[in-house]
Amino acid sequence: MTYELNNNEKSEIITQHLRNLEFNKYNLTMSLKEENAVQSPNTDNIEELQTRLAEIIAKQEALFDELDSLAENK
């Protein structure tokens, strides 16, 4: 027997992913604040953190698009 997820179940999974990404985004934001708070911030660390933040935002946008797609197919 095969089970297929319905759109509500898929939406719940996507929402969980979005929540995890938001936690990660906030954590990176705090790391950026910490790095910028020191007298001599490490620019390599700042660039890495900013890159990771941009990647999270891109992932969130993709997941929001998927949520929109599921809503349209109801």
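In short, a report on the structure. (Residues numbered from 1 in each chain as written. Predicted model: local features only at pLDDT ≥ 70, side-chain atom pairs only at ≥ 80, totals over all residues. Heavy atoms only, no water.)

1. Topic: a negative patch on the surface
Piece 1. A surface patch of like charges, here negative, comprises E61, D65, E66, D68 and E72.
Piece 2. Note on D65: relative accessible area 52%, which makes it exposed. (Patch = residues over 30% accessible without salt bridge, like charges linked within 9 Å, V, L, I, M, F, W, Y side chains within 5 Å. Areas by Shrake-Rupley, 256 points an atom, 1.4 Å probe, with all protein chains shown as cover. Salt bridge = Lys/Arg side-chain N within 4 Å of Asp/Glu carboxyl O. Lys, Arg positive; Asp, Glu negative; His and termini not counted. Charge placed at Lys NZ, Arg CZ, Asp CG, Glu CD. Buried < 20%, exposed > 50% of the residue type's maximum accessible area, 1.4 Å probe, protein only.)

2. Side note on the environment of L63
Piece 1. Checked against the element boundaries, L63 lands in helix 2 (residues 43–72).
Piece 2. On a C-alpha basis, the gap between L63 and I14 in space is 6.5 Å, while along the polypeptide they are 49 residues apart.
Piece 3. Each residue touching L63, except ones within four places of it in the same chain, is listed here: I14, H17, L18 and L21. (Helix = DSSP H or I, 4+ residues; strand = E, 2+ residues; numbered from the N terminus. Contact = heavy atoms within 4.5 Å.)

3. Brief notes about the side chain of Q60
Piece 1. Within the fold, Q60 resides in helix 2.
Piece 2. Here Q60 falls in the buried class, since its relative accessible area comes to 7%.

4. What to know about the environment of Q39
Piece 1. Within the element layout of this structure, Q39 appears in the loop between helix 1 (7–37) and helix 2.
Piece 2. Among the residues examined, Q39 registers a relative accessible area of 81% and is labelled exposed.
Piece 3. Along the chain, Q39 and Q16 lie 23 residues apart, while their C-alpha atoms are 38 Å from each other.

5. With respect to helix 2
Piece 1. Look at helix 2: 43 Å from first C-alpha to last across 30 residues, which is about the 44 Å you get at 1.5 Å a residue.
Piece 2. Restricting attention to buried positions, one finds in helix 2 the residues I46, L49, L53, I56, Q60 and L70.
Piece 3. Looking at the buried positions of helix 2, the neighbouring elements they touch are helix 1.
Piece 4. A distance of 2.8 Å separates the backbone nitrogen of D44 from a side-chain oxygen at the start of helix 2, and that oxygen is part of N42. (Expected span 1.5 Å × (residues − 1). Polar contact = N/O pair within 3.5 Å; in protein donor to acceptor, adjacent residues only side chain to side chain.)

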